Amino acid sequence: MWGIIATWAMAYDGVSKGSKLLVDKHSAVDAIEETIKSVEDEPSFRSVGYGGLPNEKGIVELDSGFMDGDKLSVGAVGGITGFKNPISIAIKLSEESYNNFLVGSGAEEYARLNGFEEKDMSTERSLEIWREKKKRFSEENIKAYDGHDTVGVVTLDTYGKMCVGTSTSGLFMKREGRIGDSPLCGGGFYVDSEVGGAAATGVGEDIMKGCLSYEVVRLMKEGLNPQEAAERAVAEFSEKLKRKANLSRDISVVCMNNKGEWGIGTNIDEFSFVVAKEGMDIKAYIVKRQKERIEFVEATNKWIDKYMKKEIK
């Protein structure tokens, strides 16, 4: 049995590439890296990698995390600038005995010493959007923080190994040095090959408070199926935030257990995700919330085209 699930329709091509590796009996690590690199390398996806939206100073700072479910080894980078494919750097860091989570200049020095490709990750389009937003922000006092769609991927290979990875440019117009949940083990991602894995996307300042990815895996370990675990974790924590902080911002989680069964939890409409597994062709789904119930429908080609055009704008 093999399987792969990822946040957001932008991961469709990446999941297609990752699933082909899994079919050919490559490792869950290879599938994670190939899937996320495909998203990082596409400049039209403005919340991840090359062309990601800049911070308040116009700099693209990237966060990424990776976990190996066999070894429980973790690697992560936060606030890294000037390097291509932060997921590859995070995977490399997971192989180290110490110093597994590096940020800023420390992460950049590590990447440089280990031969990772240096690249200006801003594009003219991302800078143009930043300049327009900065002008509107000062003139109209509008909310700056939109655009925070992390790509999160969980993989299961034919050998029973599971991995999880994340990559994002974080909140658009964030403060310099801000790091969200995406590179934080337990919050943005968690995996144990004996149970399953989960990855989160949304407002990191909320997700990290609930250690949501770990919570989903814990619930699966207690016997809940992936859909039950993801729905319960997101719903209960969203309700707690409303009760304690009088707010509940965007939170979504995708997960898969070690049998290839999958699930999602979200508190928003129009959350999309992509999944493929042995015996099932790759599909993109859209969430339609019905009061407290979550339903998802397969995305049509028309919907996917509309989604991609919105990303490219």
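None of these values were measured; they are calculated from a predicted model. (Residues numbered from 1 in each chain as written. Predicted model: local features only at pLDDT ≥ 70, side-chain atom pairs only at ≥ 80, totals over all residues. Heavy atoms only, no water.)

Q: It is not clear to me how the pattern of salt bridges should be interpreted in this structure. Could you clarify?
A: Tallying each qualifying case throughout the model produces 16 salt bridges. Ionic pairing is found between E95 and K92, a salt bridge with its closest N-O pair at 3.9 Å. You can call K92 partly exposed: its relative accessible area is 29%. Between R125 and E128 there is a salt bridge, and its shortest N-O distance comes to 3.5 Å. One end of the pair is R125 and the other is E128, both in helix α5 (residues 124–140) and three residues apart, which spans about a single turn. Note on R125: relative accessible area 35%, which makes it partly exposed. What makes E128 partly exposed here is its relative accessible area of 33%. Through salt bridges with shared partners, one network takes in D68, D70 and K161. (Salt bridge = Lys/Arg side-chain N within 4 Å of Asp/Glu carboxyl O. Buried < 20%, exposed > 50% of the residue type's maximum accessible area, 1.4 Å probe, protein only. Helix = DSSP H or I, 4+ residues; strand = E, 2+ residues; numbered from the N terminus.)

Q: Even after reading the chapter, I still don't get helix α2 (residues 28–40), so can you show me in this structure?
A: Owing to its 3.6 residues per turn, the α-helix brings residues three or four apart onto one side. The end-to-end C-alpha separation of α2 is 18 Å, in line with the 18 Å expected for 13 residues at 1.5 Å each. When α2 is considered as a whole, its buried residues turn out to be A28, V29, A31, I32, T35, I36, S38, V39 and E40. On its buried face, α2 is in contact with β1 (3–7), α1 (12–23), β2 (62–68), α3 (86–93), β5 (151–156) and β6 (162–168). (Expected span 1.5 Å × (residues − 1). Contact = heavy atoms within 4.5 Å.)

Q: Before we go on, may I ask you to explain helix α7 (residues 212–221) in this structure?
A: Taken together, the buried positions of α7 are occupied by L212, S213, V216, V217, L219 and M220. Projected onto a plane normal to the axis of α7, the buried residues spread over an arc of 160° and lie on a single side. The inward-facing, buried residues of α7 contact β7 (189–192), β8 (196–202), α6 (204–210), α8 (226–245) and β9 (251–257). Phi turns positive one or two residues past the end of α7, at G223, with a value near 120°. (Arc of directions from axis to C-beta.)

Q: Sorry, what's going on with the environment of C255 here?
A: By secondary structure assignment, the location of C255 is in strand β9. Between the C-alpha atoms of C255 and G188, which are 67 residues apart in sequence, the distance is 12 Å.

Q: Help me understand the sheet that holds strand β10 (residues 262–266) in this model?
A: Two pairing modes exist for strands in a sheet, parallel and antiparallel, and in both the strands are linked by backbone hydrogen bonds. Taken in spatial order, the four strands of this open sheet run β7-β8-β9-β10, and their pairing is antiparallel. Each edge of the sheet is formed by a strand with only one pairing partner; in this case those strands are β7 and β10. Each adjacent strand pair in this sheet contributes to an overall mean axis angle of 10°, direction not counted. As judged from the seven bridges shared by β8 and β9, these two strands associate in the antiparallel manner. Across the sheet, the residue bridging to G196 is N257, located in β9. Strands β7, β8 and β9 of the sheet are contacted by α7, whose axis makes an angle of about 145° with β8. The strands touched by α8 within the sheet are β9 and β10, with β10 carrying the most contacts at an inclination of about 15°. (Pairing = 2+ DSSP bridges. Axes fitted to C-alpha atoms, helices over the stretch in contact; angles between N-to-C directions.)

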